[in-house]
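# A look at the structure
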Amino acid sequence: MILAEIDKCVGCRSCEVACAEKHLGDVDLSKAGEEALLYARRMHVGIAMGGTKPMPIQCRHCEDPTCLFACITGAMHRDPNTGMVLVDEEKCVGCWTCLKMCSFGTIMVDPINHRVLKCDKCYMERPPACVEACPNDVLIVEEVEFVDHDKCIGCGLCESLCLRNAIKLVDTDKGKKSEINQNLCKGCGICASSCPRDAIKMRYFTDEKAHEVIKKLLEVA
Amino acid sequence: MRYVIVGAGPAGINAIEAIRKIDPEGEIINVSDEPYLPYSKPVMPHYIGGHIPFEGVFFRPKDFYRDYEVTPILGDGMIEVDPDRSLIILKSGRRVPYDKLLIATGGKPRKMNVDGVNLKGIYYLTSLDYTKQIVKDLPEVKRALVLGGGPLGLKACLSLSHHGIDVKILISSAQVMSQALDPDSAKILEKKLEQSAVEMRLKTSVVAFEGNGRVKYAILDNGERLETDLVIIGKGVRPEFPYLDPRKIRVNVGIIVNNYMETSAHNVYAAGDVAESYDLLTGGSNTVAVWPRASEQGHYAGMNMAGFRKPYPGAHRMNSLDFEGVSCIVMGDVKTIKTGYTVITQKDPKRNIYQRIILENGRIRGAAIIGRIVNVGGINRFIRKGVPVQKVKDSLLEDKATFIY
């Protein structure tokens, strides 16, 4: 997941430019010139309404994506390899229906090729372009979980519980151990809470983080 | 458990996907009166215009039925529902018993009742059969008429025009998109039409068609005779359910369903264009034939059928189309203005930009965003959730505005 520590965002939009550059291969520069950079980006920096707080906005790759319901061509689909919600740019006809279904406004318009664009987390590449470009460390690609192979006994309970086939037993030189596919893992925590040896750690949503969030909410209230 | 899903449109297909998420074992049968894999009716104008190949009309992969372990019965439509004996009867006479039934048969085109409407060359633009026929006819067509000023009619006339055909669009109302748009918003699209090669006639109706086997003339209400090689009728759809006994299942304009997509008959559900359900804006019930709503309803129907009881929060009308580069996105109700409503307008006619938001008690009732695509997702969400926006109403249409809620 790409997460953002929005307090640190100053709205420089380096992330947007990096995203566009990374995906520029699709855009015909001769048609659009400088503006092509903006038309190739798949995420954007928004400003909180009525205020001045900028924040980067990427597709959340939701569990129940309303954009999937909206797509009239089937171009919007869930990629079985990574669990991400992606748009088949060849199939998209630019009807704009999905744009108005995304509550977070993450879907971008490509008016040159008349289709929509979506964050694809730079597919398998780590770190994604936006994360790398940010000068203020606002964006994080946080591994949500990891397995401590010294503690793991290879019982396979986690594999049987995972709803997303994200954790599997693999052969290592320490014997059979669990490995997490970071693209499929959504950080639900079922495996971590069930592990008889406490070998799985949630990196982001720890108890400390939860306390932090609650404190912040209480400050604002 | 046997689930019988009648209809292979977005409602039916989303129901299948929702059921499989919850129940990997149950038997699923998908009945359709058309002999095609699930295809998208709103995409027909794009196929006619040559923007997509034939394969592009199918909105799920070829292996969909195999991947989801569904038994398809295509080309054999349902002609009767027998809720007392929990079975349906198909056109072929085949009987299909069900444990749970979903009726998602969609809407049928509003028919025109004039002389000559059955002549060859006159088509309703919804079904794939008609569309294939239109595409076959196209090389011989020099003049065409499109009847209807809704999104489908507008898209169709542009598609035909792109083939170099002389197209006239005849609209009975005084404006285009008379159901969705207010007159001022409609003017932007009308201006675009006037600038295009399509001839637009408002307040014009056809009273008869003439021809010898194939249509040759359309007779207008003002007496004029228009020569034509092809007629496309796009006057909207309405639910039709001849397979139902209204004494056994409650119907009104559509098949009435509650928040769990249940009809009044035990174990029978309905979703999509055929269903009549709660409208968030009017507070009443109606049928709104738009794709996202059909998909969502199918999804919720599937969940409830499989035992995961979750109420559907309701929907409002919405439409979006791209009109020769001018995007037009309408959400909710922008036509009704009562005292006490606030109307926010922002326009730039030179750039074909027109934006209008209607507020009632500080909540957005409707929005028409034409010419630029900004914040539509957020605005739509505010309409759905009835979010009070009084404090931020001045920045709703700002360029970089984002909705953090």
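Residues numbered from 1 in each chain as written. Chains lettered and ligands numbered in written order. Predicted model: local features only at pLDDT ≥ 70, side-chain atom pairs only at ≥ 80, totals over all residues. Heavy atoms only, no water.

## Comments concerning the overall build of chain B
Note the cut-off: Strands here are runs of E lasting at least two residues and helices are runs of H or I lasting at least four, both read from the DSSP assignment and numbered beginning at the N terminus. This radius of gyration counts C-alpha atoms alone. The globule rule is 2.2 Å times how many residues there are, raised to the power 0.38. Here the term buried applies to any residue with accessible area under 20% of the maximum for its type, exposed to any over 50%, and partly exposed to those in between, with areas from a 1.4 Å probe on protein chains only. We call two residues contacting when some pair of their heavy atoms lies within 4.5 Å. To measure how exposed things are, a 1.4 Å probe is used in the Shrake-Rupley method; for residues, cover is taken only from the protein chains shown.
When its secondary structure is counted, chain B shows eight helices and 27 strands. Computed over its C-alpha atoms, the radius of gyration of chain B comes to 22 Å, within 12% of the 22 Å expected for a compact globule of 405 residues. By principal-axis analysis of the C-alpha atoms, chain B measures approximately 65 × 60 × 40 Å. Out of the 405 residues belonging to chain B, those deemed buried represent 58%. Within chain B, counting contacts between residues at least 6 apart in sequence, those at least 24 apart form 60% of the total. Accessible area of chain B: about 17400 Å², with a carbon and sulfur share of 47%.

## A word on the layout of surface pockets
Short version of the rule: Computed over the protein atoms alone on a 1 Å grid, cavities are sets of points where a 1.4 Å probe fits but cannot get out and pockets are open sets with protein on both sides within 12 Å along at least five of seven lines; a residue lines them when it has an atom within 4 Å of a point. Grid points are joined across faces, edges and corners, and a volume is the space filled by probe spheres set on the points. Only Asp, Glu, Lys and Arg are considered charged in this grouping, and only Ala, Val, Leu, Ile, Met, Phe, Trp, Tyr, Cys and Pro are considered nonpolar; every other residue, Gly among them, is considered polar.
If you add up the space inside the second largest pocket, you get close to 1500 Å³. Around the second largest pocket, the lining is made up of 38 residues, and of these Leu68, Arg78 and Asp79 of chain A together with Glu17 and Tyr68 of chain B lie nearest the centre. When contributions to the lining of the second largest pocket are tallied by element, the ones reaching two or more residues are helix H4 (66-70) and strand E4 (76-78) of chain A together with helix H1 (10-22) and helix H3 (64-67) of chain B. The element contributing the most residues to the lining of the second largest pocket is H1 of chain B, with five residues. Partitioning the lining of the second largest pocket into residue classes produces 15 nonpolar, eight polar and 15 charged.

## Points about the interface of chain A and chain B
For clarity, the threshold we go by: Buried area counts how much accessible surface, traced with a 1.4 Å probe, disappears from two parts once they are put together, with both parts' losses summed. Put simply, a salt bridge is a Lys or Arg side-chain nitrogen that is within 4 Å of an Asp or Glu carboxyl oxygen. Contacts described as polar in this section are N or O atom pairs within 3.5 Å, which, within protein, must combine one atom able to donate a hydrogen with one able to accept it, while residues neighboring in sequence count only if both atoms come from side chains.
Contact with chain A, which involves 32 residues of that partner, is made by 42 residues of chain B. Across the interface of chain A and chain B, roughly 2900 Å² is buried in total on both sides, 64% from carbon and sulfur atoms. Joining chain A to chain B, the criterion identifies zero salt bridges. Counting every contact that joins chain A to chain B gives twelve residue pairs in polar contact (both at pLDDT 80 or more). Broken down by secondary-structure element, the contributors of at least two residues to the side of chain A that touches chain B are strand E2 (44-48), strand E3 (54-57) and H4 of chain A. Considering only residue class, the side of chain A that touches chain B consists of 17 nonpolar, ten polar and five charged.

## Focus: the domain arrangement of chain B
All names here are of chain B. Our working definition: Bear in mind that the domain bounds are from an automatic or database domain assignment.
Assigned domains of chain B: these are domain 1 (2-108 + 237-305), domain 2 (111-233) and domain 3 (325-395). Taken residue by residue, the interface counts 17 residues in domain 1 and 17 residues in domain 2. For the pair domain 1 and domain 2, the summed buried surface comes to about 1400 Å²; carbon and sulfur atoms form 68% of the total. Looking at the side of domain 1 facing domain 2, the largest losses of area belong to Tyr36, Pro45 and Ile48, adding up to 42% of the total buried there.

## Brief notes about a nonpolar patch on the surface
Residues and elements named next belong to chain A. So the rule is basically this: Like-charged residues are merged into a patch within 9 Å and nonpolar side chains (Val, Leu, Ile, Met, Phe, Trp, Tyr) within 5 Å, provided each residue has over 30% relative accessible area and no salt bridge.
Together, Leu157, Leu161, Leu163 and Ile190 line one region of the surface with nonpolar side chains, adding up to about 330 Å² of accessible area. Examined against the element boundaries, leucine 161 turns out to sit in helix H6 (residues 157-161). Overall, leucine 161 belongs to the partly exposed group, its relative accessible area being 31%.

## Description of helix H8 (residues 376-385) of chain B
All names here are of chain B. Summarising burial for H8: seven of the ten residues are buried, a large majority. Looking at H8, one finds that the buried residues are Val376, Gly377, Gly378, Ile379, Asn380, Phe382 and Ile383. Along its buried surface, H8 packs onto strand E22 (318-323), strand E23 (326-332), strand E25 (353-360) and strand E26 (363-370).

## Notes on the sheet that holds E23 of chain B
All names here are of chain B. Formally: When DSSP finds two or more bridges between two strands, those strands count as paired. In this analysis an axis means a line fitted to C-alpha atoms, helices contributing only their contacting stretch, and an angle means the value between N-to-C directions, from 0 to 180 degrees.
Pairing is antiparallel across the open sheet formed by five strands, whose spatial order is E22-E23-E26-E25-E24. Sheet topology places E22 and strand E24 (342-348) at the edges, where each strand pairs with a single neighbour. Geometrically, the sheet is characterised by an average inter-axis angle of 10° between neighbouring strands, direction not taken into account. Direction of pairing for E24 relative to E25: antiparallel, over a ladder of seven bridges. Bridge pairing in E25 places threonine 345 opposite arginine 356. Across the sheet, H8 is in contact with E22, E23, E25 and E26; its angle to E26 comes to roughly 150°.

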